[in-house]
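Coordinates in review
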2 protein chains.
Amino acid sequence: MEKGEKIEVLATGLPASPGAAVGQIVFTAEEAVKQHNSGAYKSVILVRGETTPEDIAGMEVADGILTSRGGMTSHAAVVTRGMGKCCVAGAGDCVVDEANKELRVKGKTFKQGDYISLDGTTGRVIAGRLKTLDAQPNDPDLVKFMSWVDPVRRLHVRANADIPRDAKNAIAFGAEGIGLCRTEHMFFAEDRIEHMRTMILADNEKDRRAALKKLLPMQRADFVGLFKAMGSLPVTIRTIDPPLHEFLPKREDLLVEIQHLEDTKPRSPKLKELRPLLARVEELHEQNPMLGLRGCRLGITFPEITEMQARAIVEAAVAVKAKGGNPHPEIMIPLIGSIEEMRNQAAIVRRVADEVFAEKKTKVDYMVGTMIELPRAALTADQIAEEAEFFSFGTNDLTQTTYGISRDDINNFLPAYLKLGIFKHDPFSTLDQAGVGQLVKMAVAKGRNTRAKLKVGICGEHGGDPESVKFCHKIDLNYVSCSPFRLLTARLAAAQAALEEKLGVQGSSK
Amino acid sequence: MEKGEKIEVLATGLPASPGAAVGQIVFTAEEAVKQHNSGAYKSVILVRGETTPEDIAGMEVADGILTSRGGMTSHAAVVTRGMGKCCVAGAGDCVVDEANKELRVKGKTFKQGDYISLDGTTGRVIAGRLKTLDAQPNDPDLVKFMSWVDPVRRLHVRANADIPRDAKNAIAFGAEGIGLCRTEHMFFAEDRIEHMRTMILADNEKDRRAALKKLLPMQRADFVGLFKAMGSLPVTIRTIDPPLHEFLPKREDLLVEIQHLEDTKPRSPKLKELRPLLARVEELHEQNPMLGLRGCRLGITFPEITEMQARAIVEAAVAVKAKGGNPHPEIMIPLIGSIEEMRNQAAIVRRVADEVFAEKKTKVDYMVGTMIELPRAALTADQIAEEAEFFSFGTNDLTQTTYGISRDDINNFLPAYLKLGIFKHDPFSTLDQAGVGQLVKMAVAKGRNTRAKLKVGICGEHGGDPESVKFCHKIDLNYVSCSPFRLLTARLAAAQAALEEKLGVQGSSK
């Protein structure tokens, strides 16, 4: 905002994703898309209790996101940071009445179309329209400054980027590669979710393979775009990670809809459609989905999914190479807990790659590695490194399991913990060096004991947090990976860490 | 069953809790209580898709439990093992149609009142009424045999027991103390759940304290019973552990019931009651309750709960001592992940104990310790031992977080994992020595480094598994604790471990 401008702060939430946004509010993703596409609103701010993967299309077109629930690693926070889009999350004083399409805060009521402003750097929700300035990665002073910073650092920096547009942003902010491409984000796109659902609802391998076959060319095209954008820089692509029920309608919505139809339209043909859908959703329902059938467990239970993704990646790399490119895919298997799992998935990837190379009569360089995001992976990293050619620490999940705290649920007790001094900060924002960091250090040592030149990075949210970046420097990681818009911070912190080491400055230890 | 008897096996599920049961089937906990209390059925078998804490009263009166879903550590399995009651869990071939009160299996339909037999040792579900024999802990041959076994072992054995009746069983099977009393099981009793709900629904500390005050004398009476049953043997009592929503009706049931009332009786006064209840249930709803607001996080957020429980325990001990007893309570704080949490809860317990001692002008010996059930607790055990006077490994939870696998959801991929040889066995049945065991060993070493004489035990399900008991011997734990009915196995395995060590036999390492 401009200096001296008078503002009315309505509420302060979490500074979930930096930047500023000014626009007209909407309460559903559909409405965001509608108002954006029609041009009715020049700038849309999506206001939700919390966002879910189904809101992606609305988040894409919004200039800013405001949620009343959720923490620094809630869906809204993580996705917007990836998009480089302003987000204020968990603004508890805001009552988001989605049914009546009202935002009530500080005795005021805002309706669809009303203006608000968000400050993602401080978490402030502000009444009315403030003036803003665009971020300028090409600002000459900034470019000059970073030209002093970069030669000093030892740590490389990569970006978390899921689609070609993010990759271009990453390059603009100085990324030396992609550290995390989350392939499942591609499956939520409008033209794909249908095939994804068909795949999930299939009760046999043949039907699953038929649906996967339709997804293959789409995934391949995405990867072609990524490889083109990144040139010869490494691109780490993670195979599918989230539990499958995330791609289906919500269980409780189905239960209520079915009850309502039974009460009011018991002969509705929709019931015949919804009941089997609910049955499958019930089958996939889990008490603790974060600890359930996800990550490599999906690729092991349904190997045809890993096969399709490996094929899409390798075919894309071959295609880009054929046009004179020099792609470097690094295929990353998530949620590995044991050497046996790693061996199973690596074997599939390598077999499929060999098949593609034989078909296309060419080869590309690629690696197969894993995320280290479970304590057991860190504890047995010496074994896992026998199969994994690189490690990337998924410190969001590693923090979840090391502490036994779900990042989606931490807000129920985080305020009390911070107030009592039990936590000095949210462990999902700044890496817990004493606990999670101990496992990270252990895994680096064990991994390099087996494979001396093991490339090791970090791709959790901590990769963009200065304290955590300095820790990564100290324990000799090769790179940190973070959202494109946090790259400047990461580059600076990496340089500071190198200087502090050189000058013998003692960093803080948590 | 008797030798030579011809039997028809209907299905084979998991041998979730050993023993045999023969009786008439019912499909709800209420019906179990009704048929049992009226004397209509001499022996009741409760048949459910899966059991929940709300089924406890029915499980108490049933002679056996059959479920079609759930694994070796599902609710049905864990609770029945504690009760020493036969259970076959996850018998997937059985269709339990709770709506129509029918059990359909192998082309046959069984209705309420029909007889079936369960073999909890093999997991068999058998048609009709088999003849059974009671377990005989006092069988002279057995007593003689165990008199050879016990002098050999170094490991002590304790039992997991929640109520005085369990404690008496524990003594009969040779327990040298109680290793785990789960206080929350007491809250599900009919006369208490109401106060528990009032406490949870309260939106301020004063109302919470009023409800807790009503629970205090009930808890105290339970502990008096336990201390009396156990004489001068140690009794480890864990403060409240599960997430609070477990004490409330299920969210999806409320959603559906409200929708139905809105559709059919929109003026029903019940709606006025259900809507605020749903609102509180929504507030407490968590994505991953196992990683949410539970364990010490409850006692830290609502210190009045820990205060009430500490008071109930210490007052009970003082009362039993006043009548000539010699109780040894060990108060155990669950889900500790950091020294700061331990310090917070230990301070409350010690303050309340001092208050009670001052009021009653007497003292009893007691200890305050913790469960080690999170990787971070193991990693920082040296710090935690500054405050904790004993450790007890909660290896169910520690396995969950180390592997990142929910015990409630593992069945979605466990069959594939076993078939592919990725797992050699269910890690919730036999301790994973390479991963979870590594953390246990680390915590023992770190803990005893701080507090040389630290008493260390294990109270997870692994305490009754022979392989795991031998591991506990090898790493020099003081005791294992398991369900009363697994004590014979534990005693024997502990003696075998001692002999193998003496004779230099190499045990298997997983």
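Analysis parameters
- Residues numbered from 1 in each chain as written.
- Chains lettered and ligands numbered in written order.
- Predicted model: local features only at pLDDT ≥ 70, side-chain atom pairs only at ≥ 80, totals over all residues.
- Heavy atoms only, no water.
- Salt bridge = Lys/Arg side-chain N within 4 Å of Asp/Glu carboxyl O.
- Helix = DSSP H or I, 4+ residues; strand = E, 2+ residues; numbered from the N terminus.
- Buried < 20%, exposed > 50% of the residue type's maximum accessible area, 1.4 Å probe, protein only.
- Contact = heavy atoms within 4.5 Å.
- Buried area = accessible area lost by both parts, 1.4 Å probe.
- Polar contact = N/O pair within 3.5 Å; in protein donor to acceptor, adjacent residues only side chain to side chain.
- Nonpolar A, V, L, I, M, F, W, Y, C, P; charged D, E, K, R; others polar.
- Core = buried A, V, L, I, M, F, W, Y, C linked by side-chain atoms within 4.5 Å.
- Pairing = 2+ DSSP bridges.
- Axes fitted to C-alpha atoms, helices over the stretch in contact; angles between N-to-C directions.
- Domains from an automatic or database assignment.
- Disulfide = S-S within 2.5 Å.
- Phe/Tyr/Trp six-rings, centres within 6.5 Å; stacked < 30°, edge-to-face > 60°.
- Lys NZ or Arg CZ within 6 Å of the ring centre and 35° of its normal.
- Least-squares fit on C-alpha atoms with pLDDT ≥ 70 in both.

1. Some details on the pattern of salt bridges
Residue and element names in this part refer to chain A. Across all of its chains, the model carries 91 salt bridges over all chains by this definition. We note a salt bridge from Glu-359 to Arg-311, for which the minimum N-O separation is 3.0 Å. On the criterion of sequence distance, the pair formed by Glu-359 in helix α13 (residues 339-360) and Arg-311 in helix α12 (residues 303-322) is long-range, its members being 48 residues apart. The class of Glu-359 is partly exposed, set by a relative accessible area of 45%. Residue Arg-311 is classed as buried on the basis of its relative accessible area of 17%. Each member of the salt-bridge network shares a partner with another, and the members are Glu-205, Arg-209, Arg-220, Glu-307, Arg-311, Glu-315, Arg-351, Glu-355 and Glu-359.

2. Here's the deal with the interface of chain B and chain A
It is common to give the size of an interface as the accessible area that goes away when the parts come together. Contacts between the two partners involve 53 residues from chain B, matched on the other side by 52 residues from chain A. Taking both sides of the interface into account, the surface hidden between chain B and chain A amounts to around 4,700 Å²; carbon and sulfur atoms contribute 57%. Inspection of the chain B/chain A interface yields four salt bridges. One salt bridge in this structure joins Asp432(A) and Arg376(B), with 2.8 Å as the shortest N-O distance. In this assembly, chain B and chain A are joined by 32 residue pairs in polar contact (both at pLDDT 80 or more). Ranked by residue count, the leading element in the side of chain B that touches chain A is helix α9 (residues 251-264) of chain B, at eight residues. Of the residues contributing to the side of chain B that touches chain A, the split by class is 20 nonpolar, 19 polar and 14 charged.

3. What about the nonpolar core?
Core analysis: the largest hydrophobic core is formed by 226 residues, its most contacted members being Phe223(A), Phe393(A), Phe223(B) and Phe393(B). Filtering out sequence-adjacent residues up to four positions away, Phe393(A) remains in contact with Ile372(A), Leu398(A), Val440(A), Ala443(A), Val444(A), Val456(A), Gly457(A), Ile458(A), Cys459(A), Gly460(A) and Leu477(A).

4. A few points about the sheet that holds strand β7 (residues 95-97) of chain A
Residue and element names in this part refer to chain A. With respect to topology, three strands assemble into an open sheet ordered β7-β8-β9, the strand pairing being antiparallel. One side of each edge strand has no neighbouring strand; the edge strands of this open sheet are β7 and β9 (108-111). With direction set aside, neighbouring strand axes in the sheet form an average angle of 20°. Where strand β8 (residues 102-105) lies against β9, four bridges are found, and the strand directions are antiparallel. Paired with Arg-104 across the strands is Thr-109, a residue of β9.

5. A look at the domain arrangement of chain A
Per the domain assignment, the segments of chain A are domain 1 (9-127), domain 2 (154-243 + 288-503) and domain 3 (249-284). Centre-to-centre, using C-alpha coordinates, domain 1 of chain A lies 30 Å away from domain 3 of chain A.

6. Here's the deal with the state of the cysteines
Inspection of every chain in the model, using the stated rule, returns zero disulfides over all chains. Here Cys472(A) is not disulfide-linked; the sulfur of Cys482(A) is the nearest cysteine sulfur, at 10 Å. The exposure class of Cys472(A) is buried, given its relative accessible area of 2%. The closest cysteine sulfur to the non-disulfide-bonded Cys94(B) is located on Cys87(B), 12 Å from its own sulfur. Judged by relative accessible area, which is 4%, Cys94(B) ranks as buried.

7. Structural notes on the packing of aromatic side chains
Applying the stated criterion to the full structure yields 16 aromatic pairs over all chains. With a centroid separation of 5.0 Å and an interplanar angle of 65°, the aromatic rings of Tyr417(A) and Phe423(A) are classed as edge-to-face. The same class applies to Tyr417(A) as to Phe423(A), namely buried. These aromatic residues form a ring-pair network of at least three members: Tyr403(A), Phe413(A), Tyr417(A) and Phe423(A). Positioned above the aromatic ring of Tyr115(B), the side-chain terminus of Arg129(B) is 4.0 Å from the ring centre.

8. Examining the relation of the copies chain B and chain A
Overlaying chain B with chain A gives an RMSD of 0.2 Å, the required rotation being 180° about an axis along which the chain moves by 0.2 Å. Taken together, the turn and the small shift mark the pair as related by a two-fold rotation axis.

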